[in-house]
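Fold and contact review
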Amino acid sequence: MPDMTTNVRYVRGIGEQRAKSLQKLGITNLRELISYFPRAYEDRREYRRIADLVPGENACVRAMVATEPKLSHIRKGLDLVKLRVVDESAALELTYFNQSYLKNSFHLGEEYVFYGKAEGNPPRRQMVNPLFEPEGANRVTGRIVPIYPLTAGVSQNVLSSAVRQGLDACADDLTDFLPEDVRKSCQLCHVRYAYENVHFPADEEALAVARRRLAFEELYLLTLGLRLLRDRRGAVTGQKCAPTDLAPFYDALPFSLTGAQKRAIGDAVRDMCADRPMNRLVQGDVGSGKTMVAAAAIWFAAQNGMQSALMAPTEILAEQHYKTIAPLLEGFGVRCALLTAATTAKTRRSVLEQLSSGEITLAIGTHALLSADVTYQRLGLVVTDEQHRFGVDQRAALGAKGDNPHLLVMSATPIPRTLALMIYGDLDVSLIDELPPGRQSIDTYAVNSGYHKRIYDFLRKLIAEGRQAYIICPMVAENDELPDERKAVTVYAEALQKDVFPDLTVTPIHGKMKPKEKDAVMRAFAAGEIDILVSTTVVEVGVDVPNAAVMLIENAECFGLSQLHQLRGRVGRGSHKSYCILVSDNTGEDNRQRLAVMTKTNNGFAIAEEDLKLRGPGDFFGSRQHGLPSLRVADLTCDMELLHLSRAAAERLIADDPDLAAHPALRGRIDELFELHATAMN
Ligand code: ADP
Ligand code: MG
């Protein structure tokens, strides 16, 4: 008897070759096959009389073959099969290209159902390559038909026929692991009905009912899985800190912290004093001052005799953190070190020694901190900045260097609250929803390249007032070659220097430069020695030069909304009025809308919500980013009601049956789903 784990090769029509193709779609067994859901549906239910066909519209007709199919070779590589079919109202000419075998598929006088786009006017009504099947078969015509995402070597027909067989084979093995009372109270259909109708819906209503059940299931499993992980984490004991007065730290700062910063620090300190290790996400818009929250937590850990590691996604950022945090903490006798790929072998050796002996308390660095030879004497706190750049597994790898260290994750990607709940469901969240005082909103303009002269004049004026400017170029693809960021940036910088700003200092920077060169340029820019920095998106994340007051983004259509917002966040960091200019000659409606969002608001969360609406949650949910099972049916932009319903149901279940001992089937499914990720998430 076949069951869910049976190999897809079991299915008629799936041989070695197709099995390989299916594997590319993530399908190896029958469960994966029937869980491969359509991306869309085509409604082929409408039957028309041939006389009522409307040119350009799709429809089914029931018709009888009236002429013997005729095969003609037009030229090499072009064969036609032509035939005429009739119903009680009129005749229809059918043409099939390069399917000469069809000549023998139609039998004179027999009835078939054809589905295709009507063309031509009476009396020469036509269809080209219409789908067909014998009258009454109802497989590819006369119903709502699933459209699957495909890969080479697998057609819609192959897939839908395979899914059909999969469903039939698994019918008995498809037991419902949703508790009966949950199904009843949330009005969800049975799993078998759901699978049947998500693939082969009887009508729209059946499809909606099926989708709702499957979406609920996904969200329910995800919520339960995350809860189990969190509880499992709760079972490990952390390195418990003793409360300490933070006043000395606050007093050492050049400014007073915002209420939101203090709240986030308070959350972190409370977590570190609790029994289980901290696992906290600090979410705050660009410029909201997350670095100080990290610094405070590190200071607090140091007061408790613990070492900390602070991991940043780029060298520039790591160095910047080092420059901000080290002087502050060294004032308290807390020794800090920078560790990146650029660190010389000699310095590195000495830093590693002192980290493992405990003489150095804080290591700031890039993923260089993850390498095997980095060991700590007593690693108590791990901070990762700009978390979305790191995988969950990297976070875990760093954590593994200590004995259940506290984790603090800083993210500037303003993920809408609901998504944060799902993605970071295992984290506690602190929100920094307040900017330091004195920040002015950044005036943002979207213009076309006809404005360049005026823009350059504007830059010149601000630079004369002592400010600096960023110009961002996207990578350019030269013909079929790889995108060459170097070229875009260096060519543009040279042209500007020579033709537009011969009296100013224009300098390029890009990701392909050696770290040393990059750092030198950034240092010079921070010191005010460069007027205009022409850059790729290497400055996107976290770079802090308060004197920069203009962000000019060329070919703004190449960037996503959140990325544009990040880039804009590089200016307006000081007391100077700042500007963001988005240049784009793309007149598409999508692009116009996106840029309009930028000109209307400075609020990263509002922008993220818009981004979600415009692009859908796919980008946030690339599983690479967070290591959670992906959502196939649920759509967080419109399934909010379902999200709340499933969370509430999950909470109720956990309250009654904390480790799901009474629900083995459910527990099994969750373990299976989270299996790959279990280690990473801990
Ligand atoms: P982000 O949240 O983007 O990481 P940063 O931590 O880089 O923000 O802070 C942005 C800038 O604001 C820095 O120059 C920092 O020194 C400054 N800053 C942070 N907190 C405050 C505050 N409470 N008052 C004034 N300036 C602050
Ligand atoms: Mg930052």
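Residues numbered from 1 in each chain as written. Chains lettered and ligands numbered in written order. Predicted model: local features only at pLDDT ≥ 70, side-chain atom pairs only at ≥ 80, totals over all residues. Heavy atoms only, no water.

Quick word on the site of ligand 1
Quick note on the threshold: A molecule or strand has a residue near it when one of that residue's heavy atoms lies within 4 Å. In the analysis that follows, any N or O atom pair within 3.5 Å is treated as a polar contact, provided that within protein one partner can donate a hydrogen and the other can accept it, and provided that, for residues neighboring in sequence, both atoms belong to side chains. Only the protein chains shown count as cover for residues, and all accessible areas are computed by the Shrake-Rupley method using a 1.4 Å probe. Lys, Arg, Asp and Glu make up the charged group, whereas Ala, Val, Leu, Ile, Met, Phe, Trp, Tyr, Cys and Pro make up the nonpolar group; the residues left over, Gly among them, are polar.
Around ligand 1, the structure places 16 residues, and the nearest of them are Gly287, Lys290, Thr291, Arg439 and Asp544. Contacts to ligand 1 include Thr291, whose side-chain N or O atom sits 2.6 Å from an oxygen atom. A distance of 2.8 Å separates an oxygen atom of ligand 1 from a polar atom in the side chain of Asp544. Burial of ligand 1 by the surrounding chains reaches 86%, relative to a free accessible area of 570 Å². Here the residues of the shell around ligand 1 are counted per class, giving four nonpolar, seven polar and five charged.

Re helix 3 (residues 156–170)
This is how it is decided: Counting from the N terminus, the helices are DSSP H or I runs at least four residues long and the strands are E runs at least two residues long. Working rule for helices: expected span equals 1.5 Å times residues minus one. Whether two residues touch is decided by their heavy atoms; if any such pair falls within 4.5 Å, the residues are in contact.
Between the first and last C-alpha of helix 3 there are 21 Å, a value that for 15 residues agrees with the 21 Å anticipated at 1.5 Å per step. Each element contacted by the buried residues of helix 3 is listed here: helix 1 (16–24), helix 2 (30–34), strand 9 (144–147) and helix 5 (191–199).

Looking at the sheet that holds strand 22 (residues 532–535)
Test applied: When DSSP finds two or more bridges between a pair of strands, those strands are recorded as paired. For helices, the fitted line uses only the C-alpha atoms of the stretch in contact; every axis is such a line through C-alpha atoms, and the angle between N-to-C directions lies from 0 to 180 degrees.
With parallel pairing, six strands are arranged side by side in an open sheet as 17-24-23-18-22-21. Whereas interior strands pair on both sides, the edge strands pair on one side only; in this sheet they are strand 17 (443–447) and strand 21 (506–509). Between one strand axis and the next, the sheet turns through 20 degrees on average, direction left out of account. In this structure, strand 21 lies alongside strand 22, joined through four bridges in parallel fashion. When the sheet's bridge partners are listed, Pro508 is paired in strand 22 with Val534.

A few points about the pattern of salt bridges
As a reminder of what qualifies: Each salt bridge in this description consists of a side-chain nitrogen of Lys or Arg and a carboxyl oxygen of Asp or Glu lying within 4 Å of one another. Accessibility here uses a 1.4 Å probe with only protein chains present; expressed as a share of the type maximum, an area under 20% marks a residue as buried, one over 50% as exposed, and anything in between as partly exposed.
Counted under the stated rule, the structure contains 32 salt bridges. We note a salt bridge from Lys240 to Asp275, for which the minimum N-O separation is 2.9 Å. Highlighted residues: Lys240 in the loop between helix 6 (204–235) and helix 7 (247–251) and Asp275 in the loop between helix 8 (259–272) and strand 10 (279–284), separated in sequence by 35 residues. Residues Lys453 and Asp457 are paired through a salt bridge, measuring 3.0 Å at the closest nitrogen-oxygen approach. Taken together, the positions of Lys453 and Asp457, both in helix 14 (residues 452–464) and four residues apart, correspond to about one turn of that helix. Overall, the relative accessible area of 60% leaves Lys453 in the exposed class. Among the charged side chains, a salt-bridge network with shared partners connects Asp176, Glu180, Arg183, Lys184, Arg213 and Glu217.

Notes on the sheet that holds strand 16 (residues 428–432)
Read across the sheet, seven strands follow the order 12-13-11-14-15-10-16 without closing on themselves; strand pairing throughout is parallel. Every interior strand has two partners, whereas the edge strands, strand 12 (336–339) and strand 16, have only one. Across this sheet, the average inter-strand angle for adjacent strands is 15 degrees, counted without regard to direction. Pairing of strand 12 with strand 13 (residues 362–365) involves four bridges; the strand directions are parallel. Bridge pairing in strand 13 places Ala337 opposite Ala363. On top of the sheet, helix 10 (residues 315–330) reaches strand 11 (307–311), strand 12, strand 13 and strand 14 (379–385); it is set at about 170 degrees to strand 12, its chief contact.

Points about the confidence of the model for the protein chain
Any residue range with low pLDDT should be treated as having predicted coordinates unsuitable for detailed reading. Cut-off, in case you're wondering: For every residue, the predictor states its confidence as a pLDDT score lying anywhere from 0 to 100.
Looking at the protein chain, pLDDT values average 86 and 89% of them are 70 or higher. Ranking the elements of the protein chain by mean pLDDT puts helix 23 (residues 678–681) last, at 39, and helix 9 (residues 290–303) first, at 97. Below pLDDT 50 for its whole length, residues 618–627 participates in 24 contacts with residues either more than four positions away or in separate chains. Ignoring residues within four places in sequence, the model shows residues 676–682, a span with pLDDT below 50, making 17 contacts including any to other chains.

Section: the pairing of strand 14
Counted residue by residue, strand 14 has seven buried out of seven residues, so it is predominantly covered. In this sheet, strand 14 lies alongside strand 11 in parallel orientation, the contact comprising five bridges. Bridging across to strand 14, Leu310 finds its partner in Val383. Of the strand pairs in this sheet, strand 14 and strand 15 (residues 406–411) are connected by five bridges, and their pairing is parallel. Its bridge partner being in strand 15, Asp385 is matched across the sheet by Met410.

Describing the packing of aromatic side chains
The following threshold applies: Any two of the Phe, Tyr and Trp rings considered here, Trp counted by its six-membered ring, make a pair once their centres fall within 6.5 Å; the pair's planes then place it as stacked at under 30 degrees, edge-to-face at over 60, or tilted in between.
Per the stated rule, a full pass over the model turns up 17 aromatic pairs. With centroids separated by 6.0 Å and ring planes inclined at 35 degrees, the aromatic side chains of Phe106 and Phe114 adopt a geometry described as tilted. For the pair shown, Phe106 and Phe114 are each scored as buried. Relative to Phe114, the ring of Tyr112 lies with its centre 6.1 Å away and its plane at 50 degrees, an arrangement referred to as tilted. For Phe114, a relative accessible area of 0% translates into the label buried.

Some remarks on the environment of Leu329
The residue Leu329 is located in helix 10 in this model. We classify Leu329 as buried; its relative accessible area is 0%. Apart from the residues lying within four places of it in its own chain, the contact partners of Leu329 are Phe249, Ala295, Ile298, Trp299, Val334, Cys336 and Leu362.

Let's talk about the packing of helix 9 against helix 10
Let me state the cut-off plainly: Orientation labels follow simple angle bins: below 35 degrees gives roughly parallel, above 145 gives roughly antiparallel, 65 to 115 gives roughly perpendicular, and whatever is left gives oblique. Handedness of a crossing is defined here by the sense of rotation of the near helix relative to the far one, left-handed for an anticlockwise turn of less than a right angle and right-handed for a clockwise turn.
With their axes 11 Å apart at the nearest point, helix 9 and helix 10 run at an angle of 40 degrees to one another. Between helix 9 and helix 10, the angle falls in the class oblique. The two elements helix 9 and helix 10 cross, and the hand of that crossing is right-handed. Within the contact between the two elements, helix 9 uses Thr291, Met292, Ala295, Ile298 and Trp299 and helix 10 uses His321, Thr324, Ile325, Leu328 and Leu329. Within the contact of helix 9 with helix 10, the residues separate by chemical class into seven nonpolar, three polar and no charged.

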